[in-house]
Amino acid sequence: MRYMKNQNRDNLSPLDFVQETHKIKAGGMTPKCPRVYVRTFGCQMNEHDSERLRDMFVQRGYALTERVEDADVIIFNTCSVRKHAEDRVYGKVGTLGKLKAKTPGLIIGIIGCMAEAQKDEIFRRLPIVDFLCGPADLDKVPDIIDKIRNGAGHIMYLEGYKSKRIPEFIRDRRIVSNTYVKIMEGCDNFCSYCIVPYVRGRERSRPSREILEEIKSLIAKGAKNITLLGQNVNSYGKGLKEKNNFIELLRKIDKIIPSPLPSPLWGEGRVRGEIKINFLTSHPKDASQELFKAMRDLKSISKVMHLPIQSGSDKILKKMNRKYTVKKYKKLVKDFRKTVEGGTITTDIIVGFPGETLKDFNDTLKIVREIEFDAAYIFKYSPRPFTKASKFKDDVPLKEKERRHRLLLEIQKKISLSKT
Ligand code: SAM
Ligand code: SF4
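Here the residue numbering is sequential within each chain, running from 1 through the sequence in written order. Both sets of labels track the order of writing: A upward for chains, 1 upward for ligands. At least 70 in pLDDT is required for a residue's local features to be given in this predicted model, at least 80 for side-chain atom pairs to be given and counted, and no such filter applies to totals for whole chains, interfaces and linings, which use all residues. Neither water nor hydrogens contribute to the side-chain values; these are computed over all heavy atoms in the structure.

Undergrad: Where do I start with the environment of Arg54 in this structure?
TA: Counting from the N terminus, the helices are DSSP H or I runs at least four residues long and the strands are E runs at least two residues long. For Arg54, the location among the structural elements is in helix α2 (residues 44-59). For the pair Arg54 and Arg174, spaced 120 residues apart in sequence, the C-alpha separation works out to 9.3 Å. Among all residues touching Arg54, those that are not within four sequence positions of it are Val38, Thr40, Leu64 and Arg174. A distance of 2.8 Å separates a polar side-chain atom of Arg54 from the backbone oxygen of Val38. We call two residues contacting when some pair of their heavy atoms lies within 4.5 Å. Here a polar contact means two N or O atoms within 3.5 Å. Within protein one must be a hydrogen donor candidate and the other an acceptor candidate, and residues neighboring in sequence count only if both atoms are side-chain atoms.

Undergrad: Explain the site of ligand 2 here, please?
TA: Throughout, near means a residue has at least one heavy atom within 4 Å of the molecule or strand. All residues in the neighbourhood of ligand 2 are listed as Cys187, Asn189, Phe190, Cys191, Tyr193, Cys194, Val196, Pro197, Gln231, His283 and Arg322. Any residue outside Ala, Val, Leu, Ile, Met, Phe, Trp, Tyr, Cys, Pro, Asp, Glu, Lys and Arg is labelled polar, Gly included; the first ten of those are nonpolar and the last four are charged. Split into classes, the residues belonging to the shell around ligand 2 amount to seven nonpolar, three polar and one charged.

Undergrad: Could you clarify how one ought to interpret the packing of aromatic side chains in this entry?
TA: Here a ring pair, both rings aromatic, is described through the centre-centre distance and the interplanar angle of the planes. In this scheme Phe, Tyr and Trp rings, the latter by its six-membered ring, pair at centre separations within 6.5 Å, and the angle between planes marks the pair as stacked below 30 degrees, edge-to-face above 60, and tilted otherwise. Scanning the model with the defined rule gives 12 aromatic pairs in all. Between Phe246 and Phe279 the ring centres are 5.2 Å apart and the planes differ by 75 degrees, which places this aromatic pair in the edge-to-face class. Taken as a pair, Phe246 in helix α10 (residues 246-256) and Phe279 in strand β12 (residues 276-280) lie far apart in primary sequence, 33 residues in all. In this pair, the class of Phe246 matches that of Phe279, namely buried. Burial classification: accessible surface area is computed with a 1.4 Å probe over protein chains only, and a residue below 20% of its type maximum counts as buried, one above 50% as exposed, and the rest as partly exposed.

Undergrad: What is the right way to look at the sheet that holds strand β15 (residues 375-380) in this model?
TA: Pairing between the strands of a sheet comes from backbone hydrogen bonds, and it takes one of two forms, parallel or antiparallel. When DSSP finds at least two bridges between two strands, those strands are taken to pair. Spatially, β13-β14-β15 is the arrangement adopted by the three strands of the open sheet, whose pairing is parallel. The strands lining the two open edges of the sheet, one partner per strand, are β13 (304-306) and β15. On average, each strand axis in the sheet is inclined to that of its neighbour by 15 degrees, with strand direction left out of account. When strand β14 (residues 344-351) meets β15, the two strands line up parallel, connected through six bridges. Of the residues in β15, the one forming a bridge with Thr347 is Ala376. Think of each axis as a best-fit line through the C-alpha atoms, taken over the contacting stretch in the case of a helix, with angles from 0 to 180 degrees between the N-to-C directions. Across the face of the sheet, helix α13 (residues 326-339) comes into contact with β13 and β14 while running at roughly 160 degrees to β14. Against the sheet, helix α15 (residues 398-419) touches β14 and β15, its axis set at about 175 degrees to β15.

Undergrad: Would you mind showing me how to read the packing of helix α9 (residues 208-220) against α10 here?
TA: The description of two helices packed together rests on the angle between their axes and the distance between the axes. Two elements in contact, α9 and α10, have axes separated by 10 Å at closest approach and are oriented at 30 degrees. With respect to α10, the element α9 is oriented roughly parallel. The chirality of how α9 crosses α10 is right-handed. Only Leu249, Lys252, Ile253 and Ile256 of α10 make contact with α9, whose side of the interface consists of Ser208, Ile211, Leu212, Ile215 and Lys216. With respect to orientation, any angle under 35 degrees is reported as roughly parallel, any angle over 145 as roughly antiparallel, any angle of 65 to 115 as roughly perpendicular, and every other angle as oblique. In this scheme the handedness of a crossing depends on how the near helix is turned from the far one: anticlockwise by less than a right angle means left-handed, clockwise means right-handed.

Undergrad: Before we go on, may I ask you to explain the site of ligand 1 in this structure?
TA: By nearness alone, 15 residues border ligand 1, and Gln231, Pro308, Gln310, Asp348 and Ser382 come closest of all. Tyr193 is positioned with one of its backbone polar atoms (N or O) 3.0 Å from a nitrogen atom of ligand 1. Here a nitrogen atom of ligand 1 and a backbone polar atom of Ser382 are 2.8 Å apart. Burial of ligand 1 by the protein amounts to 91% of the accessible area it has alone, namely 560 Å². Put simply, the parts of the chain that give the shell around ligand 1 at least two residues each are β14 and β15. Broken down by class, the residue content of the shell around ligand 1 amounts to six nonpolar, four polar and five charged. In this description, accessible areas are obtained by the Shrake-Rupley approach with a 1.4 Å probe, and a residue is regarded as covered only by the protein chains that are shown.

Undergrad: Even after reading the chapter, I still don't get the pairing of strand β4 (residues 73-78), so can you show me in this structure?
TA: Within a regular strand, the side chains alternate between the two sheet faces. Most of β4 is tucked away: six of the six residues are buried. Going residue by residue along β4, you find Val73, Ile75 and Asn77 tucked away on one face and Ile74, Phe76 and Thr78 tucked away on the opposite face as well. Sheet topology note: the strand β2 (residues 35-40)/β4 ladder contains five bridges and is parallel. Directly across from Thr40, in β4, lies its bridge partner Asn77.

Structure, rendered in structure tokens:
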């Protein structure tokens, strides 16, 4: 953690702040709480982190607001997987200068992956930002805000992932029907294009006891659809003291899901039960027939498999450091479809990776037509700092990336529509 001097800030004491923000409304006794605005960019992992953070704020007496104009604290939970996501944050926060100037005590924070990737470059480009916090330290955000109120100046709370920590959020969560449970953090795969291992750190799993307790309490509060989150859920358990793996974890979870009453509404091929457990994301190098059997046999586990292929060319997959071939991927899909009747497969694809020729791209088109994914998330390659691929020549021109992106989207759209 580092502190920086802040030249130009209003030094409200904590008492002033409480008096400012808890003013009793005239004619009534409703206290006015400090209000926090949290906006999320990026993946489900970030959505989940923001949700946990909101719960912490509520517990600390804050009110949530949807409008920056009403906020005492503005937080952007950011993504750095593609440069475009960072540009959007720079653009959005850049528009808040006037609001900051006319709102005494307004605190602005940038948290998450972009904070970790860009570090003090953010303070240089956006002097109105008061603090940065990386993904491993998000549970500290309310304390960071208190420190700023106490006159600490600019704060950076980064690189917590180096100590392998996972944020310790409060256990008490607000009831949401569709919700997430993080089972692991970080990634050890180092796909050559991907910044995640550099901003979220190495893989670390949460003990199964903690995960089970969290799921139980969410179900008790009414959660119906729970998604287990990890960058590569199939390697869950690595480094834990207990002997456990992802399939074991799924079995343990399935056991604690209450059996629903029988109903004629549950058709064949659908998840048999009222409470559904999904998971994201599976890496093809670690997905197995054993996993597919678990998806077939465990009544509460969803039959949706998100299995990013990234490219249909072995040459590109090798350059991406994905550690599987198109042949192996096709075999996985065949096994999945044979084993998990009524199952759904979705994927991620990157177009315009360095060295992707027309032939490589046509190989991707071919595999997409052949497999007929239920849905595909298609991205234009974006060079990212720290990554191996950032040293490769980004040789597919933007216009060509856009053309490949459009073409693939059109083809996938037709496939997805034909399946509905
Ligand atoms: N761990 C997951 C996995 O392996 O699929 C998801 C990681 S990432 C947040 C989600 C998707 O973003 C990846 O599957 C990939 O398609 C895409 N992505 C990652 N880095 C990218 C980059 N530099 N440029 C374009 N797309 C990228
Ligand atoms: Fe990134 Fe690859 Fe890890 Fe997914 S598996 S987070 S794409 S390095």
